[in-house]
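Secondary and tertiary structure notes
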Amino acid sequence: MNEKPTISNLAAIDAAHHIHPFSDMKELNAKGTRIIERAEGRHIWDSTGKKYLDGFAGLWCVNVGYGRKSIADAAYRQMQELPYYNSFFGTTTPPAILLAQKIASHAGPHMNRVFFTNSGSEATDTWFRMARVYWKALGMPEKTLVIARRNGYHGSTVAGASLGGMKLMHEQGNLPIDGIHHIGQPYWYAEGGDLSPEEFGLQAARELEAKIDELGEDKVAAFVAEPIQGAGGVIIPPDTYWPEISRICKARNILLVSDEVICGFGRLGSWFGYQHYGFEPDLAPIAKGLSSGYLPIGGVLVSDRVADVMVNEVGDFFHGYTYSGHPVAAAAALENLRIIEDEGLVERIRDDIGPYFAKGWKSLEAHPVVGQADCVGLIGGLQLAADKATRRRYAKPDDIGSLVRNHCLENGLIMRATADRMLASPAFTITRGEVDEMVGTLSKALDHLAETVT
Ligand code: PLP
């Protein structure tokens, strides 16, 4: 009989055999990893029995909370009936069909088709190829370049890491690949200088126009951005930003790609981030909230503009994943979307818990070490500042956020830090009491920062 490994055994096995994503392995192996064993609602428990409030919904994904038996049941039923079949060569399965229909029902009248992937990164590679195929089919094969943003995140595949604007990722492996160009981000607090947020939003958007001029309109296929830049630090753009970006893409005949991997499926209090900001993208990668992370599944929403060409002109798109539209993942996703609909979770974020969260989150702006606390729906970014009045940042921004995050962790709250910004992205089912707890624990961690670093 196999004995259950002890915690220290598991940590030793981990150190010997497992390379973690985005983790300093040398440090991790010396310290030992944190092993999460179970979860329920908005809480997780590690292998020492310590309980945490998950202020981050896993990795911005467990939107309906942990422990949803009906999702497990849906997956179990589907696994017994048909554990796998593919969508290649003129075939597919009922869950994949019904999921595509369900997603389209929330995506707006111009967005009616979905291409399935297993992750957000694969979704990025998919639209990247599709954009080039689209222009080629229209007789413009030279329209291949893609413009993205510094500090954006679009995944870890070669195209994903190239399109993302993360310096550390580019340095590993000679990225970005050819054909990808970056412009600035709408990060007013750090980069807005003396401009008002509105003026800066316009200026940041117009960098796109300047870049198109530099590269040549007839060479540019698409522009991609997250409605709210997530991993880059929950950078919430000024209100002037998206209308101007949308205007430029239309005027210059460039495909607009909205990366909905974080914002999609309700986080901003609308089904998709582009609906919150009032623009209509041509392509939109999705993942995470599609299944609330219960099983891996992603995809690309394809607008009628692009789909008509892909279906009628291209016909066969030589692209696909063995598990595109996996029936078990699709069944889990369908049940996840049923929960979001039936429990009115998007409306709850818009009208009830979102405004409550905003009140608590924004109250942190009164703290002496907080320069700005901003949020939309249930996503929040909090800027730590050495001097509020002048928007002066700490000398070593990279150390500051992790100090606050570690204090939160010690006190039972999972938060994420990007340099000197604190990020929150709780489950849609978070209660008012849990919001108060989050704000209270974070506030104490901010006191700790104020006492430790001057
Ligand atoms: N796009 C955005 C905006 C993301 O935040 C992420 C992941 O965090 C991705 C794409 C990549 O998704 P995945 O990790 O599922 O490949």
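The structure presented is a predicted model; accordingly, all values stated were derived computationally and were not measured.

Some words on the overall build of the chain
Of the regular secondary structure elements, the chain holds 18 helices and 15 strands. Computed over the C-alpha atoms, the radius of gyration of the chain is 22 Å, within 12% of the 22 Å expected from 2.2 N^0.38 for a compact globule of 454 residues. A sequence separation of at least 24 residues applies to 70% of the contacts in the chain between residues at least 6 apart.

Some remarks on the nonpolar core
Counting 130 residues, the largest nonpolar core has A131, V146, F223, L283, V300, L301 and A332 as its most contacted members. When residues in this core are grouped by element, the largest group, nine residues, is from helix α14 (residues 327–342). Looking at this core, you find at least three residues from each of domain 1 (34–67 + 344–452) and domain 2 (70–343). Not counting chain neighbours up to four residues away, the residues in contact with L301 comprise I103, A107, M111, V114, L283, A284 and I286.

Some remarks on unusual backbone geometry
Leaving glycine out, the prevailing phi sign among residues is negative, and the prevailing peptide bond configuration is trans. For the bond from L175 to P176, the omega torsion is 0°, close enough to zero to count as cis. In this model, N174 sits at a positive phi of 55°, which is unusual for a non-glycine residue. Relative to the helices and strands, N174 resides in the loop between α8 (167–171) and β6 (180–183).

Describing the sheet that holds strand β3 (residues 51–54)
Pairing is mixed across the open sheet formed by four strands, whose spatial order is β1-β2-β3-β13. The open sheet is flanked by β1 (36–40) and β13 (413–414), the only strands paired with a single partner. Across three bridges, the pairing between strand β2 (residues 43–46) and β3 is antiparallel. Bridging across to β3, I44 finds its partner in Y52.

What to know about the site of the ligand
Of all residues adjacent to the ligand, which total 15 residues, the nearest are S119, G120, S121, G155 and V261. Ranked by residues supplied to the shell around the ligand, first place goes to helix α6 (residues 120–137) with three residues. Residue composition of the shell around the ligand, grouped by class: five nonpolar, eight polar and two charged.

Points about the domain arrangement of the chain
The domains assigned to the chain are domain 1 (34–67 + 344–452) and domain 2 (70–343). Contacts between domain 1 and domain 2 engage 29 residues on the former and 27 residues on the latter. Contributions of two or more residues to the side of domain 1 that touches domain 2 are made by α3 (57–60), α15 (345–351), β11 (370–376), β12 (379–384) and β15 (421–424). Its residues placed into classes, the side of domain 1 that touches domain 2 shows 13 nonpolar, 11 polar and five charged.

Quick notes on the sheet that holds β12
Two modes of strand pairing occur in sheets, parallel and antiparallel, and in both the strands are linked by backbone hydrogen bonds. Taken together, four strands build an open sheet; the order of strands is β11-β12-β15-β14 and the sheet is antiparallel. Taken across any chain shown, the strands that pair with only one partner, and hence form the sheet edges, are β11 and β14 (416–418). Sheet twist, expressed as the mean angle between neighbouring strand axes with direction ignored, is 20°. As paired strands, β14 and β15 are joined by three bridges and run antiparallel to one another. Bridge pairing in β15 links T418 to R421. This element, helix α17 (residues 397–410), spans β12, β14 and β15 of the sheet and lies at about 175° to β14.

Observations concerning helix α16 (residues 353–363)
Buried residues of α16: I353, G354, F357, G360 and W361, and no others. Projected down its long axis, α16 shows its buried positions confined to an angular sector of 130°, all on one face. Among the exposed residues of α16, those oriented more than 90 degrees off its buried face are P355 and K359. Summarising the contacts, the buried residues of α16 are in contact with α15, β11, β12, β15 and α18 (432–452).

A look at the packing of helix α5 (residues 94–106) against α14
Two elements in contact, α5 and α14, have axes whose closest approach is 8 Å; the angle formed by their N-to-C orientations is 35°. Here α5 and α14 pass one another in a crossing that is left-handed. Packed against α5, whose contacting residues are P95, A96, L98, L99 and K102, the element α14 presents P327, A330, A331, A333, L334 and L337 at the interface. Of the residues belonging to the contact of α5 with α14, the class tally is 10 nonpolar, no polar and one charged.

Quick look at the pairing of β3
Counted between consecutive antiparallel strands, the loop separating β2 from β3 contains four residues, among which G49 sits at a positive phi close to 95°. Here two bridges tie β3 to β13, and the two strands are oriented parallel to one another. Within the sheet, the bridge partner assigned to D54 lies in β13 and is I414.

Here's the deal with the environment of Y134
For Y134, the position within the fold is in helix α6. Its 27 C-beta neighbours within 10 Å are what place Y134 among the buried residues. For the pair Y134 and T144, spaced 10 residues apart in the sequence, the C-alpha separation amounts to 9.9 Å. The residues touching Y134, leaving out its near neighbours within four places in the chain, are V306, V309 and M310.

Considerations on the packing of α16 against α18
Two elements in contact, α16 and α18, have axes separated by 10 Å at closest approach and are oriented at 15°. In this view, α16 runs roughly parallel relative to α18, as classed from their interaxial angle. In terms of crossing hand, the pair formed by α16 and α18 is right-handed. Together, Y356, F357, G360, W361 and S363 of α16 and R432, V435, D436 and V439 of α18 make up the contact between the two elements. The class makeup of the residues in the contact of α16 with α18 is five nonpolar, two polar and two charged.

Quick notes on the environment of G273
Here G273 shows up in helix α12 (residues 273–277). Sequence spacing of G273 and P227 is 46 residues, and the spatial spacing of their C-alpha atoms is 5.7 Å. If we skip the residues at most four places from it in the chain, G273 touches P227, I228, S258, E260, C263, G264 and L268.

What about the pairing of strand β10 (residues 298–303)?
Counting buried residues in β10 gives six out of six residues, a clear majority hidden from the surface. On β10, burial covers both faces: G298, V300 and V302 on one face and G299, L301 and S303 on the other are all buried. Both strand β4 (residues 111–117) and β10 contribute to a ladder of six bridges, which runs antiparallel. Each residue of the ladder has a partner; that of R113, found in β10, is V302. The pairing of strand β9 (residues 283–286) with β10 spans four bridges and is classified as antiparallel. Its bridge partner being in β10, I286 is matched across the sheet by G299.

Cut-offs used in this document
- Residues numbered from 1 in each chain as written.
- Predicted model: local features only at pLDDT ≥ 70, side-chain atom pairs only at ≥ 80, totals over all residues.
- Helix = DSSP H or I, 4+ residues; strand = E, 2+ residues; numbered from the N terminus.
- Rg over C-alpha atoms; globule rule 2.2 N^0.38 Å.
- Contact = placed C-beta atoms within 7 Å.
- Core = buried A, V, L, I, M, F, W, Y, C linked by C-beta atoms within 7 Å.
- Buried ≥ 20, exposed ≤ 12 C-beta atoms within 10 Å, placed from the backbone.
- Domains from an automatic or database assignment.
- Pairing = 2+ DSSP bridges.
- Near = placed C-beta within 6 Å.
- Nonpolar A, V, L, I, M, F, W, Y, C, P; charged D, E, K, R; others polar.
- Axes fitted to C-alpha atoms, helices over the stretch in contact; angles between N-to-C directions.
- Arc of directions from axis to C-beta.
- Left-handed = near helix turned anticlockwise from the far one by under 90°.
- Parallel < 35°, antiparallel > 145°, perpendicular 65-115°, else oblique.

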